[in-house]
Amino acid sequence: MGRLRSATGRHTCPRRMKLAGGLAALAVLAASPLVAGTSPVTLERQGTAAHLSVDGKPFLVLGGELGNSSASSRSYMTKYWPKLKAMNLNTVLAPVYWELIEDREGSFDFSSVDGLLADARAQDMHLVLLWFGAWKNSMSTYVPGWVKRDQARFPRVRAANGTSVEILSAFSPAVREADAKAFAALMGHLKAVDAKGTVLMVQVENEIGMLPVAREWGDAAQAAWAQPVPDALLRPLREGAAVEPELRALWQAHGAKAAGTWDQVFGDADAGQEVFTAWHYAQYTDAITRAGKAAYPLPMYVNVALNRFGKAPGEYPSGGPLPHLIDVWKTGAPSLDLIAPDIYFPNFNDLAGRYSRADNPLFIPEANNVTAPEVPANAFYAIGNLDAFGFSPFSIENADPKSQAAVTEAYGLLRQLTPAILKAQGLGRVAGFKPRVLEDGTVLDAPVTRALGDYRFTVSFIDSWTPKAEQDIASHGGMIIQTGPEEYLIAGRGLIVTVAGEPGAKGDGPTLAGIDKAVEGTFDAQGRWVPGRVLNGDQTHQGRHIRLPPDQFQIQRVTFYRYR
C-alpha cells in the first residue's frame, strides 16, 4: 500500500493515511496483536500507532546498535556494558553470527548468545538480536566456513559476465534450508532460555541487497526471470490499490500488463531487474522468518540499506526493502512484522516518513552513527511525529565524550517522558519537531506549525538569543505532548514555541492564547513531576513564547489559556 499525497504533491503526514484498504487493515490489526502465538513480546495497536508490549506493558525502545563485530567477543564487550547503561539506553541491538553458533554443520553452540543475555540482564537492559545469516550488508561474510567452502552445494551469485560474487544465491534451496535451520535453532534456544522477554525482537538477515549489479544471472536466476510475475504482486497494480508511486509508474511505463514475464511486465532494464530481485529476496526472507516464528514467534523485521538519488541498482544494494520497493516486500514477505530503515543520509524526515505507514510500524535500528550531532533531534522527530516505537543510533559503544553526553541527556529526557509518550502516540496528542534537511545537507529552517487539541503551535528552530552562526540548527529538535485539555509537556532543545487558539476548537470562544504558567522540571523514577523554576518572566519573553535553549535539553510543563 502507498501513502496519500496532498494536492501540492507533497506527502501528507503518514499518520493521516491511507485509503480504505489501509484503514481497513488498521481496524483489523487493532483488534488483535500483530504477532500471534506464545511470546512475552508482541506488537499492539493504539489508534494509528503501534508499540511493543512486554508482558502486557507498553515499551519504548531507547536503543543503540553495536558495531558489527563487537558482540563476537564477550570479553571485548565487558568494558562497554556500564557505559551503555550510563547512556540511558534500555535496549542494545546486538548481532548473532551464524558462523559462531554453527561452526560445524548441525552442531550448535549458543554460548555467545547466552553471554549477551546474561550481560544485558546484569544491566537491566533488553536486547534486539540481529541475525547475520546468509547476508550482512549484502555480502556473505558471516556464514560458517563449511558454507563458504562448499560452492557446489551453496552456490554464489553469478554476474551477467559469468563472474562469481561473494554473495550466496537467493535461488539456492540448499542455502535457504541451511539458513532457516540455523535461525530456527536460534529461536528455539531463545524460547528455552528467555521466557521473561529480555529479547524484544529479531532482525532477519542484515541490509539485504544485490551488488554490484541489479540481479543474479546464474542458471536458477535465469530460469526464474523467464517465469510469469506472481499474480499476488500484480493484483494490487491491476486493481488500483495504493502502492508506492515508483512501482506503479514502472508498471505503467511497460504497458500496465495484467500478466506476463518479468521483462514483459517491468522491463529488462535495471529498474525491472531490481523488482525481480526484490521479490526473490523477499520470498527467501519470508521462508527464514516463518521457520524462526515456528520455533518462537517474537516480532521480526528486516532492515534497509537506503539508496541515494540518481544511483543505479547495484551501485546500492539492489532489491532490498527500499522505499520504492516496500510494496514488493510487503507482498513477498508477509511473515515480517515490519520493515525498518537504516538512515545515514541527511534527509531523515523524508526517509523515515516513507516507512511510517498503516501497515508498517516504525522502528529505526540504525539512525546514523552515534557521533552524528543530529541524532537526538531525529529521535524526538521519529518518536513524536511518526509514532516510532523505537530508535537506535549505530556503533553506540564508540560514542565519543560529546556524542555520549548528547545521547545520555536526550535519552534521559525521553525516559522521563516515556509514560506520557506511550499514552499519546497514535491518538493525535503528540508531535515531534526538527528542521527538514535535504539529501545534499541543506537545512530548511522555516518554522513548522502543528495543532494539538485546542491549540496551534508554531515551532521555530532558530534561537532568538544566540547568534545564528553559532547554532547547529540541524541538531535542534523536540516534542510537544498534550497531557490535559490545556496542559502540555514541551521538551527538547533549540526550539522557540508560540501558541494560538486552534480555529473552531472552542466554537465562538476566545481565539487568542496565552501562557498561564510555564514550569521547568523533571520526572522522578516513579514518574512524579518535580517542579523547578516558574518561567513566567524573562524566560518566556513576558508570555510571548516557550524557549528551549540550544545548549541544554529541558522539559517544561505549560498550561495555556484563551482570551480575547
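Residues numbered from 1 in each chain as written. Predicted model: local features only at pLDDT ≥ 70, side-chain atom pairs only at ≥ 80, totals over all residues. Heavy atoms only, no water.

**Let's talk about empty space enclosed by the protein**
Just so we agree on the cut-off: Cavities and pockets were defined on a 1 Å grid built from protein atoms only: a cavity is a group of points that admits a 1.4 Å probe but offers it no way out, a pocket is an open group of points flanked by protein on both sides within 12 Å along at least five of seven lines, and a lining residue is one with an atom within 4 Å of any such point. Grid points are joined across faces, edges and corners, and a volume is the space filled by probe spheres set on the points. In the scheme used here, Gly and all other residues not listed as nonpolar or charged are polar, with Ala, Val, Leu, Ile, Met, Phe, Trp, Tyr, Cys and Pro taken as nonpolar and Asp, Glu, Lys and Arg as charged.
By the definition in use, this model includes three cavities of 30 Å³ or more. In this structure, the second largest cavity occupies an estimated 60 Å³ of space. In terms of lining residues, the second largest cavity is bounded by Ala 170, Phe 171, Met 210, Arg 215, Glu 216, Phe 276, Thr 277, His 280 and Tyr 281. A breakdown of the residues in the lining of the second largest cavity according to their chemical character gives five nonpolar, two polar and two charged.

**Re the nonpolar core**
As a reminder of what qualifies: To qualify as a nonpolar core, a set must consist of buried Ala, Val, Leu, Ile, Met, Phe, Trp, Tyr and Cys residues joined through side-chain atoms within 4.5 Å. Exposure classes here rest on a 1.4 Å probe applied to the protein chains alone. A residue is buried below 20% of its type maximum, exposed above 50%, and partly exposed in between. Secondary structure elements follow DSSP: runs of H or I of four or more residues count as helices, runs of E of two or more count as strands, with numbering from the N terminus.
Of all hydrophobic cores here, the largest spans 147 residues; its most connected members are Leu 127, Leu 190, Phe 266, Trp 329, Phe 391 and Leu 417. Element by element, the count of residues in this core is highest for helix H16 (residues 401-424), at ten residues. Grouped together as the second largest cluster of nonpolar side chains are 22 residues, Phe 457, Phe 461, Ile 480 and Tyr 488 included.

**Some points on the packing of aromatic side chains**
We apply this condition: Each aromatic pair joins two rings of Phe, Tyr and Trp (for Trp, the six-membered one) with centres within 6.5 Å, and gets the label stacked for planes under 30 degrees apart, edge-to-face for over 60, and tilted for any other angle. Two conditions define a charge sitting above a ring: the NZ of Lys or the CZ of Arg must be within 6 Å of the ring centre, and it must be within 35 degrees of the ring normal.
Taken as a whole and judged by the stated rule, the model has 27 aromatic pairs. Between Trp 98 and Trp 131 the ring centres are 6.3 Å apart and the planes differ by 35°, which places this aromatic pair in the tilted class. With Trp 98 in helix H4 (residues 98-101) and Trp 131 in strand E6 (residues 126-132), the pair connects residues that are 33 residues apart, well separated along the chain. The pair formed by Trp 98 and Trp 131 is uniform in burial state, with each residue classed as buried. Put simply, the rings of Trp 98, Trp 131, Trp 146, Phe 154 and Phe 183 pair up and form one aromatic cluster. Its end group placed over the ring of Tyr 455, Arg 562 keeps NZ or CZ at 5.5 Å from the ring centre.

**Some thoughts on helix H12 (residues 270-295)**
Along an α-helix, residues three or four positions apart point the same way, because every turn accommodates 3.6 residues. This is how it is decided: Expected helix span is given by 1.5 Å per residue-to-residue step, counting one fewer step than there are residues.
Under the 1.5 Å per step criterion, the end-to-end length of H12 is 38 Å for 26 residues, consistent within 8% with the ideal 38 Å. Here H12 lies mainly inside the structure; 19 of its 26 residues are buried.

**Side note on the sheet that holds strand E21 (residues 495-501)**
Going by this rule: For two strands to count as paired, DSSP must find a minimum of two bridges between them. Here an axis means a line fitted to C-alpha atoms, over the contact stretch when the element is a helix, while the angle between two N-to-C directions is reported on a 0 to 180 degree scale.
Spatially, the four strands line up as an open sheet ordered E17-E18-E21-E24, and their pairing is antiparallel. Looking along the sheet, the strands with just one partner apiece sit at the ends: strand E17 (448-452) and strand E24 (546-548). Averaged over all pairs of adjacent strands, the angle between their axes in this sheet comes to 25°, without regard to strand direction. When E21 meets E24, the two strands line up antiparallel, connected through three bridges. From the neighbouring strand, Val 497 faces E24, where its bridge partner is Ile 546.

**Some remarks on unusual backbone geometry**
Leu 211 connects to Pro 212 through a cis peptide bond whose omega is -5°. If you trace the backbone, Pro 212 turns up in the loop between strand E9 (199-203) and helix H8 (219-225). Of note, Asp 124 is a non-glycine position whose phi angle comes to about 60°, a positive value. By the secondary structure assignment, Asp 124 is in the loop between helix H5 (111-122) and E6. Unlike most non-glycine residues, Ser 138 shows phi in positive territory, near 75°. For Ser 138, a relative accessible area of 1% corresponds to the buried category.

**Re the packing of helix H15 (residues 375-385) against H16**
Short version of the rule: Geometric relationships in this document are graded by angle, where less than 35 degrees denotes roughly parallel, more than 145 denotes roughly antiparallel, 65 to 115 denotes roughly perpendicular, and other angles denote oblique. With the far helix as reference, a near helix turned anticlockwise by less than a right angle produces a left-handed crossing, and one turned clockwise produces a right-handed crossing. Contact definition: two residues touch when any of their heavy atoms are within 4.5 Å.
In contact at an axis separation of 10 Å, H15 and H16 are set at 15° when each is read in the N-to-C sense. With respect to H16, the axis of H15 lies roughly parallel. Of the two possible hands of crossing, H15 and H16 adopt the one that is right-handed. Across the interface between the two elements, Val 375, Pro 376, Ala 379, Phe 380 and Ile 383 from H15 touch Ala 406, Val 407, Ala 410, Leu 413, Leu 414 and Ile 421 from H16. Split by residue class, the contact of H15 with H16 holds eleven nonpolar, no polar and no charged.

**Some points on the pairing of E21**
A large share of E21 lies buried, amounting to five of its seven residues. When strand E18 (residues 455-460) meets E21, the two strands line up antiparallel, connected through six bridges. Bridge pairing links Thr 458 to Thr 498 in E21.

**Topic: the packing of helix H9 (residues 231-238) against helix H10 (residues 245-253)**
A packed helix pair is summarised by two numbers, namely the angle formed by the two axes and the spacing between the axes. At a closest axis distance of 11 Å, the pairing of H9 and H10 adopts a crossing angle of 90°. As far as their axial angle goes, H10 and H9 are roughly perpendicular. Between H9, through Leu 234, Pro 236, Leu 237 and Arg 238, and H10, the contact on the second element is made entirely by Leu 247, Arg 248 and Trp 251. Residue composition of the contact of H9 with H10, by class: five nonpolar, no polar and two charged.

**Re the environment of Thr 42**
Heads up, the rule is: Here a polar contact means two N or O atoms within 3.5 Å. Within protein one must be a hydrogen donor candidate and the other an acceptor candidate, and residues neighboring in sequence count only if both atoms are side-chain atoms.
Take Thr 42: it is sitting in strand E1 (residues 41-46). Under the relative-accessibility criterion, Thr 42 is labelled buried at 12%. There is a polar contact of 2.7 Å between the side chain of Thr 42 and the side chain of Glu 44.

**Details of the pattern of salt bridges**
The following threshold applies: A side-chain nitrogen of Lys or Arg and a carboxyl oxygen of Asp or Glu constitute a salt bridge if their distance falls within 4 Å.
The tally for this structure, following the rule as stated, stands at 21 salt bridges. Among the ionic pairs, Asp 463 bridges to Arg 547, the shortest N-O distance being 2.6 Å. Placement of the pair is Asp 463 in the loop between E18 and strand E19 (477-482) and Arg 547 in strand E24, with a sequence separation of 84 residues. The exposure class of Asp 463 is buried, given its relative accessible area of 2%. A relative accessible area of 22% means that Arg 547 is categorised as partly exposed. A single network of salt bridges, built from pairs that share partners, joins Glu 244, Glu 246, Asp 327, Arg 354, Arg 357 and Asp 359.

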